[in-house]
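Examination of the molecular architecture
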Amino acid sequence: MGPPGTASQVVFTPDQEAVIAVVKGLAKDFDNSPGYMRIWPITDDGVLADEPFEIDIRPPMGGLTFSLSQIPGRNAFVGSDVVPGAIVVDMTYGAGNTTIKPLNITNNKGNCWSVTAPKTGTYFISDLLNEFINEVQLDDDLNPSLLRQYPMPKMGPNEAVV
């Protein structure tokens, strides 16, 4: 959602205890301009905290995160990230203890959109520059793996939303 250096998405944590803003880094200068998440806890009064947690996202973990999709029943997300292909953002132990697990997807060129598929228990991520829809599965410890790649010839940006 937009070029590097811009916001990607704003979402609530699955436990509804915080708001997350995701910003893509600058691929030519991740050292000085990494991707990041800012996470604002929500007070008991329903107000965002004055100071957010900030989590830098740099290669090989990621850096160009475009979308996050909630993992049902977990305080975690599966996301698309152009650097590795996909990431898992695990907030099981709170926002301040967030871990990121990358999934390197071979031939990844432009993974952008992600969606949760409750019926299959998997996640789909579109790569509009490589004309694939990637299906990602998780084990019980939220380790991601690539289950399948579905070729989508002539998929353009308008068709890339999964």
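Going by the structure above, here's the rest.
Calculation criteria
Residues numbered from 1 in each chain as written. Predicted model: local features only at pLDDT ≥ 70, side-chain atom pairs only at ≥ 80, totals over all residues. Heavy atoms only, no water. Pairing = 2+ DSSP bridges. Helix = DSSP H or I, 4+ residues; strand = E, 2+ residues; numbered from the N terminus. Axes fitted to C-alpha atoms, helices over the stretch in contact; angles between N-to-C directions. Salt bridge = Lys/Arg side-chain N within 4 Å of Asp/Glu carboxyl O.

**Some words on the sheet that holds strand β8 (residues 99–104)**
As summarised here, the arrangement of the four strands in space is β5-β6-β7-β8, forming an open sheet in which the pairing is antiparallel. Each end of this open sheet is capped by a strand with a single partner; those strands are β5 (65–70) and β8. The mean inter-strand angle of the sheet, taken between neighbouring strand axes irrespective of direction, is 25°. Two elements, β5 and strand β6 (residues 76–81), share five bridges in a ladder whose sense is antiparallel. When the sheet's bridge partners are listed, T65 is paired in β6 with D81.

**Topic: the pattern of salt bridges**
Taken as a whole and judged by the stated rule, the model has three salt bridges. Of the charged contacts in the structure, one is a salt bridge between E54 and R38, with a shortest N-O distance of 2.8 Å. Linking E54 in strand β4 (residues 53–57) with R38 in strand β3 (residues 35–41), this pair joins segments that are 16 residues apart in sequence. Between E135 and R148 there is a salt bridge; the shortest N-O distance is 2.8 Å. You can see E135 sitting in strand β11 (residues 132–138) and its partner R148 sitting in strand β12 (residues 144–151), a full 13 residues away along the chain.

From the geometry alone we can't say anything about function, so treat these as descriptive.
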